Amino acid sequence: MEKRDLISKRVRDIPPSGIRKFFDLLASMEGVISLGVGEPDFVTPWHIREAGIYSVEKGYTSYTSNYGLLELREGIARYLKARYGLDYDPGSELLITVGVSEGLDLAARAILDPGDEVITPDPGYVSYMPCTVLAGGVFVPVPTTIENDFQVKAQDIEKRINPRTKAILLGYPNNPTGAVVDRKELLKVAQVAERHNLIVISDEVYERLVYGVQHTCFASLPGMKERTILLNGFSKAYAMTGWRIGYAAAPEEIIEAMMKIHQYTMMCAPTMAQMAAIEAVKSGDEQVEEMVADYDKRRRIMVKGLNDIGLTCFEPRGAFYAFPSIKSTRLSSDEFAERLLIEEKVAVVPGSTFGQYGEGYIRCCYATSLTEIEEALKRMGRFVKRHRA
Amino acid sequence: MNEIFRILEQDARKTPKQIATMTGIPLAQVEEIIKKGEADRTILKYKTMVNWDRLGEEQVWALVEIRVVPQRDVGFDAIAERIYRFPEARTVYLVSGTYDLAVFVVGKTMQEVAGFVSQKLAPLEGVQGTVTHFLLKRYKEDGEILEGEEGPKRMPIMP
């Protein structure tokens, strides 16, 4: 009898994660300073945790509506109206998801037919490609470069459009680069989307983490609300990564399609997370602002420090990552990260993990204490001196 | 500008250069503001918070509630000054509520603190009465948690 492949071809074709080996290396080492984290170093503010605990105490342990608690959707609708002037009907245009991760998966599966193409900036978040491919779509990366502060250009997107293109997938503020695209360029992207009748999936989970610039919500651009799937969540702004709670805002037809999948695969987001999120969207603002101000200070120290030791770093205006170039050394991103970890016990994530245009860069997260950042910079400075090209 | 003082309040060892980078304020201006702050008592003191329990050095603290008869014309100020001139009175506040002055007193032993209260504070003219609360355990001080377990750790590498 012929041996069958246990694993589907689709999954086999997804390359293994570029950072798995770092997990293993790190596990065997002591005294490592990790700039490779991907979440806030704040704990969820107490009043939000308290709301979650209270909901468990009071016995809110059953399923909610597939769409998510109405009170939460209403709170989010108010939030989007206040911040971006957007009017989403909480009854039909909002869906509570299990983190933005699930929102992304649902969006891809809801809109993509086999062979449909999705254009997205490279480097970009690691999940964009797998989610597209798992939904049967074709992933089309568009390069972004340091010359443009890693902001995607509308003309570069348009060059890659063909009759099979279904959607543009944007993630700004960006992981891994920390880039924020200015409104002028996003308007051009919007025009491209309209000209070619494309859907735009906009992952704006780092929306609150912007420094000295305004975040432009893609759905708020002229004509974009009816063709944008807006994904956002509570993980980064409210330090709720482990709670697994996010939302999608989109035209009714799309939300209904996403909900169709969600109701069969997930039923609903965790009830206690939803109840905590209600508290977050109601009164979490002050803490968010404090957190952003704190990150800003660390961002400046990190960026200046990297430039001072010879790792040229453009100024990231969003998220909590710096994306310096390692071209002053003789090493590839992977080699740099591995050697840095072994020689100086500092963990960073190689830029190549995020796409081929991330090669030659590393991602340094500044969501960690100033003391650790400063010590890490010292160690990296020694490393760069030793490996200078 | 107040940001400079907020940073120094949290960590007095931050250099003007670091503060300039963190705030985006030019270095020369940061140095000038700090110098002025030191001169005009905006910055009262640079200090280090020490956890004396770890050094095994005994210190006894007490919160002493003092009820006072306020004096004509000067109110509570004169009596407060007589109290705060004692070095043992480390902190003196005028408060609302069931008593008037909250005084934190430190000594080497309970007897020493009790002695100070009964011999130096209570007999002061204008003092109607005192209630002494000895501090038994410090959980958190000035924003710092003294004991407590280390919180859960994050995944060290995440995309």
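Residues numbered from 1 in each chain as written. Chains lettered and ligands numbered in written order. Predicted model: local features only at pLDDT ≥ 70, side-chain atom pairs only at ≥ 80, totals over all residues.

Novice: How should I be thinking about the overall build of chain A in this particular structure?
Specialist: Within chain A, the regular secondary structure consists of 13 helices and 12 strands. Scaling as 2.2 N^0.38, a compact globule of 389 residues should have a C-alpha radius of gyration of about 21 Å, and chain A matches this with 21 Å. Each principal axis of the C-alpha distribution contributes one length, and for chain A these read about 60 × 60 × 50 Å. Residues counted as buried form 50% of the 389 residues belonging to chain A. Intrachain contacts of chain A at a sequence separation of at least 6 include 75% that bridge at least 24 residues. (Helix = DSSP H or I, 4+ residues; strand = E, 2+ residues; numbered from the N terminus. Rg over C-alpha atoms; globule rule 2.2 N^0.38 Å. Buried ≥ 20, exposed ≤ 12 C-beta atoms within 10 Å, placed from the backbone. Contact = placed C-beta atoms within 7 Å.)

Novice: Help me understand the confidence of the model for chain B, please; the structure alone is not making it clear to me.
Specialist: Reading fine detail from the predicted coordinates is not recommended where pLDDT is low. Confidence in the prediction for chain B averages 92 pLDDT; 100% of positions are at 70 or higher. Here the predicted complex carries an ipTM of 0.77, next to a pTM of 0.88. (pLDDT = per-residue confidence, 0-100.)

Novice: Mind showing me how you'd approach the pairing of strand E2 (residues 94–97) of chain A here?
Specialist: Residues and elements named next belong to chain A. Taking every second residue as pointing to the same face, both faces of E2 are buried, with Leu94 and Ile96 on one and Leu95 and Thr97 on the other. Bridge count between E2 and strand E8 (residues 246–249): four bridges; the pairing is antiparallel. Residue pairing for E8: leucine 95 is matched across the bridge by alanine 248. (Pairing = 2+ DSSP bridges.)

Novice: In this structure, what is going on with the sheet that holds E8(A)? I would like to understand it.
Specialist: Paired through backbone hydrogen bonds, the strands of a sheet run either parallel or antiparallel to each other. Residue and element names in this part refer to chain A. Taken in spatial order, the seven strands make up an open sheet running E2-E8-E7-E6-E5-E3-E4, and their pairing is mixed. Taken across any chain shown, the strands that pair with only one partner, and hence form the sheet edges, are E2 and strand E4 (138–143). Here the average twist between neighbouring strands, direction ignored, is 20°. Along the sheet, helix H4 (residues 70–84) contacts E2 and E8; its crossing angle with E2, the most-contacted strand, is approximately 115°. In the packing of helix H9 (residues 252–265) onto the sheet, contacts are made with E2, strand E7 (228–233) and E8, and the angle to E2 comes to roughly 30°. (Axes fitted to C-alpha atoms, helices over the stretch in contact; angles between N-to-C directions.)

Novice: Which parts of the structure should I look at to understand the sheet that holds strand E11 (residues 349–350) of chain A?
Specialist: Residues and elements named next belong to chain A. Here we have three strands laid out as an open sheet, ordered E9-E12-E11, and antiparallel in their pairing. The strands lining the two open edges of the sheet, one partner per strand, are strand E9 (321–322) and E11. Note that E11 and strand E12 (residues 362–365) share two bridges and pair antiparallel. Across the sheet, residue proline 350 finds its bridge partner in E12, namely isoleucine 362.

Novice: Explanation requested: the nonpolar core in the structure shown.
Specialist: Side chains of a nonpolar character, in soluble globular proteins, are inclined to be buried together. Counting residues in each nonpolar core, the largest one holds 122 residues, and the members touching the most others are A:Ala107, A:Ala248 and A:Cys364. Residues contacting A:Ala248, with those up to four places away along its chain left out, are A:Leu95, A:Thr97, A:Gly103, A:Leu106, A:Ala107, A:Ile229, A:Leu230, A:Leu231, A:Ile255 and A:Met258. Among the nonpolar cores identified, the runner-up in size contains 14 residues, and B:Leu101, B:Val103, B:Val113 and B:Val117 belong to it. (Core = buried A, V, L, I, M, F, W, Y, C linked by C-beta atoms within 7 Å.)

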